[in-house]
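Listed here are the chains, written in short residue letters.
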Amino acid sequence: MRGRFITLEGMDGAGKSSHLSWIPDFFASRGIKLCVTREPGGTPLGEALRQMLLNTTQKSHPDTEALLMFAARREHIAQVIEPALSSGQWVLCDRFTDATFAYQAGGSGLDWGRIEQLEAWVQGELQPHLTLYFDVPSQVGKQRTQSVREPDRFESEGMAFFDRVRAGYLKRLKQFPHRMHLIDSTQSYEDVKVMVESIILSNCF
Ligand code: TYD
């Protein structure tokens, strides 16, 4: 049987990375060993593109950013995601195409329809079965990232950019209410963990 495809999404500082630290063990304790990967990245080419996209202070044209994200994604699907799913393995991916809608369309103003075209070309029928979307207001996300590390290319954007990123995510959520689940990440770490566990249990087991 084909494996399931699960993605984690949310703006920078929403807390998805901290929750990524326990989710694989949660699945493992129920007998499922996940293939854990991330975007942009997940292959040597994808990781090189990640470096180029994130470790810079220079902004590229939003078309260029979207095309590079999808170039990395094409390779990632071909080399990692599709082989795993076809062999019955479940995949957990830290960000996927919802992030391109949120950041390049929402944040940077690229036409939504262009990304839909790329999505259809690069993914065909492939869509996540379940997406955990960690939601916080942009001020909260910004405060959290500022306090822990040097900002990367996207983290150094202003508050208005992140308001648009969030609006982009919420638009995707409206389009795909069955697959995408909103988690209120302004709650405490423990409360968020309980919410995530219950969404996973009711959707995956
Ligand atoms: P992130 O996943 O937050 O990693 P880290 O926790 O190491 O900072 O960083 C990835 C960044 O890339 C994030 O700011 C969102 C951005 N991004 C896009 O703009 N478009 C995309 O399609 C993807 C996958 C990510």
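Note that the structure is a prediction, hence the values are computed from the model and not measured.

Reading guide: rules and limits
- Chains are numbered independently. Their residues run from 1 in the order of the written sequence.
- Where totals are concerned, whole chains, interfaces and linings use all residues; where local detail is concerned, this predicted model gives features only for residues with pLDDT of at least 70, and gives and counts side-chain atom pairs only at 80 or more.
- Only hydrogens and water are set aside; all other atoms, that is, all heavy atoms of the structure, feed into the side-chain values.
- The helix and strand labels rest on DSSP assignments: H or I over at least four residues marks a helix, E over at least two residues marks a strand, and numbering proceeds from the N terminus.
- The globule rule is 2.2 Å times the number of residues to the power 0.38, and the radius of gyration it is compared with is taken over C-alpha atoms.
- Throughout, a residue-residue contact means that at least one pair of heavy atoms, one from each residue, lies within 4.5 Å.
- With residues, only the protein chains shown are counted as cover, and all accessible areas are computed by Shrake-Rupley using a 1.4 Å probe.
- All tallies of charge rest on Lys and Arg as positive and Asp and Glu as negative; His and the ends of each chain are not included.
- In this description, the location of a charge corresponds to atom NZ of lysine, CZ of arginine, CG of aspartate or CD of glutamate.
- Fitted lines through C-alpha atoms serve as axes, helices being fitted only where they are in contact, and the angles separating the N-to-C directions of these axes extend from 0 to 180 degrees.
- Each angle receives one of four descriptions, namely roughly parallel if under 35 degrees, roughly antiparallel if over 145, roughly perpendicular if within 65 to 115, and oblique otherwise.
- Left-handed describes a crossing in which the near helix is turned anticlockwise from the far one by less than a right angle; the clockwise case is right-handed.
- Side-chain classes follow a simple rule in which Ala, Val, Leu, Ile, Met, Phe, Trp, Tyr, Cys and Pro form the nonpolar group, Asp, Glu, Lys and Arg form the charged group, and the remainder, Gly included, forms the polar group.
- A single heavy atom is enough: if one lies within 4 Å of a molecule or strand, its residue is considered near that molecule or strand.
- Pairing of N or O atoms within 3.5 Å defines a polar contact, subject to two protein rules: one partner must be a possible hydrogen donor and the other a possible acceptor, and residues neighboring in sequence count only if both atoms are side-chain atoms.
- Here, a salt bridge means any Lys or Arg side-chain nitrogen found within 4 Å of an Asp or Glu carboxyl oxygen.
- Burial status follows relative accessibility: with a 1.4 Å probe on protein chains alone, a residue under 20% of its type maximum counts as buried, one over 50% as exposed, and anything between as partly exposed.
- Strand pairing requires that DSSP identify at least two bridges connecting the strands.
- For this analysis, a nonpolar core means a set of buried residues of the types Ala, Val, Leu, Ile, Met, Phe, Trp, Tyr and Cys, connected via side-chain atoms within 4.5 Å.
- Between the first and last residue of a helix there are one fewer steps than residues, each counted as 1.5 Å, and that sum is the expected span.
- The directions considered for the arc run from the helix axis to the C-beta atoms.

A. How the structure looks around the overall build of the protein chain. Helix and strand counts for the protein chain stand at nine helices and five strands. When the helices and strands of the protein chain are listed from N to C terminus, the series reads β-α-α-β-α-α-β-α-α-β-α-α-β-α. Taken against the 2.2 N^0.38 rule, which gives 17 Å for 205 residues, the C-alpha radius of gyration of the protein chain at 16 Å falls within 12% of a compact globule. For the protein chain, the proportion of contacts with a sequence separation of at least 24, taken over those separated by at least 6, is 79%. Just so you have it, the protein chain exposes about 9,700 Å², and 54% of that area is on carbon and sulfur atoms. For the protein chain, the distance from the average site of its 23 positive side-chain charges to the average site of its 25 negative ones is 1 Å.

B. Spotlight on the packing of helix H4 (residues 62-86) against helix H6 (residues 112-123). Two elements in contact, H4 and H6, have axes separated by 10 Å at closest approach and are oriented at 20°. Taken together, H4 and H6 sit at an angle that is classed as roughly parallel. Relative to H6, H4 is oriented so that their crossing is right-handed. In this structure, H4 uses Asp63, Ala66, Leu67, Phe70, Arg73, Arg74 and Ile77 to contact H6, whose residues at the interface are Arg114, Ile115, Leu118, Glu119, Val122 and Gln123. Broken down by class, the residue content of the contact of H4 with H6 amounts to seven nonpolar, one polar and five charged.

C. Highlighting the site of the ligand. Asp12, Arg50, Arg95, Thr100 and Gln104 are the nearest of the 18 residues found near the ligand. Ser17 places a side-chain nitrogen or oxygen 3.4 Å from an oxygen atom of the ligand. In the environment of the ligand, an oxygen atom lies 3.3 Å from a nitrogen or oxygen atom belonging to the side chain of Arg73. Out of a free accessible area of 560 Å², the ligand has 91% covered by protein chains. When residues of the shell around the ligand are traced back to their parent elements, those giving at least two are helix H1 (16-20), helix H3 (44-54), H4 and helix H5 (97-107).

D. Summary view of the pattern of salt bridges. Scanning the entire structure with this criterion turns up 13 salt bridges. In this structure, Glu119 and Arg172 form a salt bridge, with 3.1 Å as the shortest nitrogen-oxygen distance. One end of the pair, Glu119, is in helix H6; the other, Arg172, is in helix H8 (residues 159-175), and 53 residues separate them in sequence. Just as Glu119 is buried, Arg172 falls in that class too.

E. Geometry of the sheet that holds strand E2 (residues 34-38). Read from one edge of the open sheet, five strands run E2-E3-E1-E4-E5, paired in parallel fashion. Each end of this open sheet is capped by a strand with a single partner; those strands are E2 and strand E5 (180-184). Strand-to-strand twist in this sheet, taken as the mean axis angle between neighbours without regard to direction, amounts to 20°. In this structure, strand E4 (residues 130-135) lies alongside E5, joined through five bridges in parallel fashion.

F. Spotlight on the nonpolar core. Core analysis: the largest hydrophobic core is formed by 37 residues, its most contacted members being Ile23, Phe27, Tyr103, Leu132 and Val196. When near neighbours in sequence (up to four residues on either side) are disregarded, Ile23 contacts Leu8, Leu92, Leu132, Val196 and Ile200.

G. Structural detail: H6. The end-to-end C-alpha distance of H6, which contains 12 residues, comes to 16 Å, matching closely the 16 Å that a straight helix rising 1.5 Å per residue would cover. When H6 is considered as a whole, its buried residues turn out to be Trp112, Ile115, Leu118, Glu119, Val122 and Gln123. The buried residues of H6 occupy an angular sector of 120° when the element is viewed end-on, so they sit on one face. Within H6, the exposed residues directed more than 90 degrees away from the buried face are Gln117 and Trp121. For H6, the elements touching its buried residues are H4, H5 and H8. Two residues or fewer past H6, Gly124 is found with a positive phi of approximately 60°.

In short, the description is geometric, and any link to function would need to be established separately.
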